[in-house]
Amino acid sequence: MAEEGPDVLLKARERTLSVFREDVEQKWKGPFYFIQGADPQFGLMKAYSIGDCSSGGDEWEEEHLLTQQAVQAINRLSPRPKFFVLCGDLVHGMPGTPWRKAQTRDLKDILKGVSRDIPVVFVSGNHDLGNAPTPETIEDYCQEWGDDYFSFWVGGVFFLVLNTQLYFDASKCPELKQAQDAWLDRQLAVAEEKQCQHVVVFQHIPLFRKDPNEAHDYFNLDESIRRELLGKFHKAGVKAVFSGHYHRNGGGTHNGLDMVVSSAIGCQLGEDTHGLRVVAVTPEKITHRYYSLDEMSNHQGIEKELTALMKPN
Ligand SMILES: [Fe+2]
């Protein structure tokens, strides 16, 4: 087995990403774009194919190749995306299960290939923390990938990263949920006070899959928490929430907020393709489009469309 090299991946610490200097990044400097991906989830494709999503997943060659294709496509883009955010379920193996360590090592090896001028931003998913996380599983994630919730500024836009497992089931870590709640209220107060160009949230589980009034299920957040967050986000002027978890594209709008649900880099549970979302930020709005990995690999095609997406109007 190959020796694990030094961990060069960026980790959020002290609830922020130091690579983006707050004093510099709070100012709007013009349109930019970033790339969103979700659920590389090393191991799910095999587990799903044998009908054993809880204990299967002893191979991840397909996800390995797909994530490699994603990284190569991102590295060819010009102009450069400001960052590449991965909205959770980095690996399939839940805490304490076999293969998790090897899946994590192999994913990190691929992500180390992302150009050093494109920071990779990590969001925690249910497979990263466990469906009912504990202080230990959260600590383990933070050691491996960085803080589970944090905020950062890029070019006048305020970005918040949330740990949605604390909304899904905090029965084993109620104090950590309270801590994130208090932190989120402080961040949203900052968002209101600073009059940022836009406020954007990244999380794993969407507030809703398609309809803000849909019933709660495995793929969305409980109605009362959903209503609470939608209210808080609206008050603070959050424009868009980007998520994964559904392994299909989805989403909808509510009160001017764009709930974006992106399909997976890895296993598809619907009819979508393995892909990435390109998100353009202009002074007035945030526009985005999901591209298959094959489309992403045609960088000239993407760059042409980006020029159109980033044109101010
Ligand atoms: Fe997932």
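Calculation rules
- Residues numbered from 1 in each chain as written.
- Predicted model: local features only at pLDDT ≥ 70, side-chain atom pairs only at ≥ 80, totals over all residues.
- Heavy atoms only, no water.
- 1 Å grid on protein atoms, 1.4 Å probe; cavity = no way out; pocket = protein on both sides within 12 Å on 5 of 7 lines; lining within 4 Å.
- Points joined across faces, edges and corners; volume = space filled by probe spheres on them.
- Helix = DSSP H or I, 4+ residues; strand = E, 2+ residues; numbered from the N terminus.
- Nonpolar A, V, L, I, M, F, W, Y, C, P; charged D, E, K, R; others polar.
- Axes fitted to C-alpha atoms, helices over the stretch in contact; angles between N-to-C directions.
- Parallel < 35°, antiparallel > 145°, perpendicular 65-115°, else oblique.
- Left-handed = near helix turned anticlockwise from the far one by under 90°.
- Contact = heavy atoms within 4.5 Å.
- Salt bridge = Lys/Arg side-chain N within 4 Å of Asp/Glu carboxyl O.
- Donors = N, O, S within 2.8 Å, 3.2 Å for Na, K, Ca; no water.
- Tetrahedral: all angles 85-135°; square planar, octahedral: opposite > 155°, others 65-115°.
- Buried < 20%, exposed > 50% of the residue type's maximum accessible area, 1.4 Å probe, protein only.

**Quick word on empty space enclosed by the protein**
Logical step 1: All chains considered together, the criterion is met by one cavity of 30 Å³ or more.
Logical step 2: In this structure, the largest cavity spans a volume of roughly 40 Å³.
Logical step 3: Lining the largest cavity are Leu 10, Lys 11, Ala 12, Leu 17, Val 120, Val 121, Phe 122, Trp 145, Gly 146, Asp 147 and Phe 150.
Logical step 4: Of the residues forming the lining of the largest cavity, the biggest block, three residues, is contributed by strand S3 (residues 120–122).
Logical step 5: For the lining of the largest cavity, the residue count by class is eight nonpolar, one polar and two charged.

**Some remarks on the packing of helix H4 (residues 100–111) against helix H6 (residues 135–145)**
Logical step 1: Packing of H4 against H6 brings their axes to within 12 Å, and their N-to-C directions diverge by 30 degrees. Classified by the angle their axes make, H4 and H6 are roughly parallel. When you trace H4 past H6, the crossing you get is right-handed. Contact with H4, carried on its side by Arg 100, Thr 104, Leu 107, Lys 108 and Leu 111, involves Asp 140, Glu 144 and Trp 145 of H6 and no other residues of that element.
Logical step 2: The residue makeup of the contact of H4 with H6, split by class, is three nonpolar, one polar and four charged.

**Some remarks on the pattern of salt bridges**
Logical step 1: Within this structure, the stated rule accounts for 19 salt bridges.
Logical step 2: One salt-bridge network, in which partners are shared between bridges, spans Lys 46, Asp 58 and Glu 59.

**A closer look at the coordination of the iron ion**
Logical step 1: Taken together, the protein ligands of the iron ion are Asp 39 (OD), Gln 41 (OE1), Asp 89 (OD) and His 247 (NE2), with distances of 2.1 to 2.2 Å.
Logical step 2: Each of the four donor atoms around the iron ion contributes to a set of angles spanning 86 to 176 degrees, which defines the coordination as irregular.
Logical step 3: Sequence positions of the donors to the iron ion reduce to the motif D-x1-Q-x47-D-x157-H. Taken together, the residues span a long stretch of sequence, with Asp 39 in the loop between strand S1 (32–37) and helix H2 (44–49) and His 247 in the loop between strand S7 (238–243) and strand S8 (250–254) at a distance of 208 residues.
Logical step 4: Owing to a relative accessible area of 3%, His 247 belongs among the buried residues under this scheme.

**Remarks on the layout of surface pockets**
Logical step 1: In this structure, the largest pocket spans a volume of roughly 320 Å³.
Logical step 2: Going through the elements one at a time, H2 and helix H5 (126–129) are the ones with two or more residues in the lining of the largest pocket.
Logical step 3: Of the residues in the lining of the largest pocket, the class split is nine nonpolar, 12 polar and one charged.

In short, the description is geometric, and any link to function would need to be established separately.
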